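Architecture at a glance
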Amino acid sequence: MATVDEPLYPIAVLINELKNADVQLRLNSTRRLSTIARALGEERTRNELIPFLSENNDDDDEVLLAMAEELGVFVPYVGGQQHAHVLLPPLETLCTVEETCVRDKAVESLCRIGSQMKENDMINWFIPVVKRLAAGEWFSARASACGLFHIAYPSAPEMLKTELQAMYSQLCQDDMPMVRRSAVSSLRKFAATVEPAHLKNNIMTMFENLTQDDQDSVRLLAVEGCATLGKLLEPQECIERILPVIVSFSQDRSWRVRYMVADQLSELCQAVGPEPTRMDLVPAYMRLLRDNEAEVRVAAAGKVTKFCQILNPELAIQHILPCVKELSLDSSQHVRSALASVLMGMAPVLGKNKIRNSKQKVRILFGICTGLKIKVDATIAHLLPIFLFLLKDDFPDVRLNIISKLDQANQVIGTDLLSQSVLPAIVELAEDRNWRVRLAIIEYLPLLASQLGVNFFDDKLGALCIQWLQDKVYSIRDAAANNLKRLAEEFGPDWAMQHIIPQVLEMIDNPHYLYRMTVLRAISLLAPAMGPEITCSKLLPVVISASNDRVPNVKFNVAKVLQSLIPIVDHSVVENTIRPCLVELNEDPDVDVRFSANQAIQGIDRVMMSS
């Protein structure tokens, strides 16, 4: 039987595998196109491989996606930019397939190749591809064409530029919503390449027509274009043409469009400038904060701090703060949670404004501590009641979001008032039925410790730290052990010796073996922070006594803890105390205990040899 000629073998393998019934083989072969192209050489890649790919009619989207991605980096394999045009036919075909992700990748690859082509090649090869796709019978081709105009336009002569603008305008008015969506998405890139005169007339006319489209999916994409186009226009032009669109979108009949306005608010404000924001966008933002749809209110609430930073304190207090107070009472827990995550970020903005009437009564805790006759800054007067109210929220995520921002709150409110208000919420969250809530509060505890100080922590939160070591959920117990280590590092060994170590060591006699294992875990974490003296005098004896535990799981954890203590204690302690215990464990009937003990003994030997 004749053998395949050696130089042709790679292409033969490729063809065979691309036609294989197994999708995975076809996919693997497609992903090796660059390797095969290098083996064939530039000329044979242009003359044999690329035509084959152009004729390939694979119906699997994953294979087509891989092909579109590979061809985007194929310019060096076909002979450089002078031959880049040979890659356009297969990618043009891929731009017409039904699957969106394949078309998007093909457009991305075409843009990459087009940006490397010479100007004459762009006119002779690339622009005709754009024109054919834009005039395509199927919507998929026309939708793909929209993403290519910003590459084609700069290289086109004046007559072709006029034609390309007309074609894009036609795509913006296409019967298919999918094409109009693609047109409005790509309009920002196209606009950046168009001359200023055409931008003000043609492009803005297209954009304004798209903002009035009857499909909300088109209009919501136009919201993102407002910020980009606004930056391309002169400031006055932006105010005259973009600002009315934003205000109109904020009152759109579709909640999805209003949601997009709320979500993009910061970018929109930057586009129109601070003064139009204060004059025109403040009422629009207030409407979004009071929107009928909870999703819109969630997006708007999440932007409240950024928006207030644009305003002066008086405007924020007069217009935005009443809406924020309403949101703190919102029926949707997600709205309250979004507000809680950004609320204290408003403090630097409002803190600049002082309340001049020293006899003004500041109602703190919604009725508690009323009538304080002090000169207080605006944050205490306006944000603190909302802050404290959200701390009592029924929904755990709201309280967690508030507690996670305690560092911001402490800078403004002060430790005394903060500690009085935060403690009840912390205690309640610490005992929440949802273990993920308990886990989150444990992770925030070192932050609380640093903010509230050692004295408050000793009195109020110390017991919680020990309580978590006996939680029913392993993740909570492990997080609690790590938490003790971080607290010992925060407050120092002396504090830990007085407030943590005795309670932890008492738990070694707990009847449940899982809790005894948690104690061993805590000891291994605390030892580096406590230092060799306390480790030898207090921690090590407890670990040694646990080696006589009746449960094998505890004993092999003893071996692991002893191994972790080797670098901390003196060599004499290792030889006189740790090694004999490990030797005894190495003779245990349980195979796992013996294995862990043997690993620890080998660890001692390595340390001794290195020293």
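Residues numbered from 1 in each chain as written. Predicted model: local features only at pLDDT ≥ 70, side-chain atom pairs only at ≥ 80, totals over all residues. Heavy atoms only, no water.

Brief notes about the pattern of salt bridges
Inclusion rule: The term salt bridge refers to a side-chain nitrogen of Lys or Arg lying within 4 Å of a carboxyl oxygen of Asp or Glu. Helix numbers and strand numbers start at the N terminus; a helix is a DSSP run of H or I with at least 4 residues, a strand a run of E with at least 2. We call a residue buried when its accessible area falls under 20% of the maximum for its residue type, exposed when it is over 50%, and partly exposed in between, using a 1.4 Å probe and counting protein chains only.
All chains considered together, the criterion is met by 24 salt bridges. For Arg132, the salt bridge identified is with Glu92, shortest N-O distance 2.9 Å. In this pair, Arg132 is assigned in helix α8 (residues 119-134) and Glu92 in helix α6 (residues 88-94), connecting sequence segments 40 residues apart. In this structure Arg132 comes out as partly exposed when scored by relative accessible area, which is 46%. Three or more residues are tied together by salt bridges with common partners; here these are Lys105, Glu108 and Arg112.

Description of the packing of helix α37 (residues 552-565) against helix α38 (residues 571-585)
Basically, it comes down to this: Each axis is a line fitted through C-alpha atoms, and for a helix only the stretch in contact is used; angles between axes span 0 to 180 degrees, taken between their N-to-C directions. In this scheme, roughly parallel covers angles under 35 degrees and roughly antiparallel covers those over 145, while 65 to 115 is roughly perpendicular and the rest are oblique. Two helices that cross are described as forming a left-handed crossing if the nearer one is turned anticlockwise from the farther one by less than a right angle, and a right-handed crossing if clockwise. Contacts: residue pairs with any heavy atoms within 4.5 Å of one another.
Packing of α37 against α38 leaves a shortest axis separation of 11 Å and a crossing angle of 150 degrees. For the element pair α37 / α38, the angle class is roughly antiparallel. Note on packing geometry: the crossing formed by α37 with α38 is left-handed. On the side of α37, the interface is formed by Lys555, Val558, Ala559, Leu562 and Leu565, while α38 contributes Ile578, Cys581, Leu582 and Leu585.

Details of the side chain of Arg258
The condition is simple: Each polar contact in these results corresponds to two N or O atoms within 3.5 Å; when the atoms are within protein, one needs to be able to donate a hydrogen and the other to accept it, and residues that are neighboring in sequence are counted only if both atoms are side-chain atoms.
Take Arg258: it is sitting in helix α17 (residues 255-263). Owing to a relative accessible area of 11%, Arg258 belongs among the buried residues under this scheme. A distance of 2.6 Å separates a polar atom in the side chain of Arg258 from a polar atom in the side chain of Asp291. Setting aside chain neighbours within four positions, we find Arg258 in contact with Phe249, Ser250, Gln251, Asp252, Arg253, Leu288, Asp291, Glu293 and Val296.

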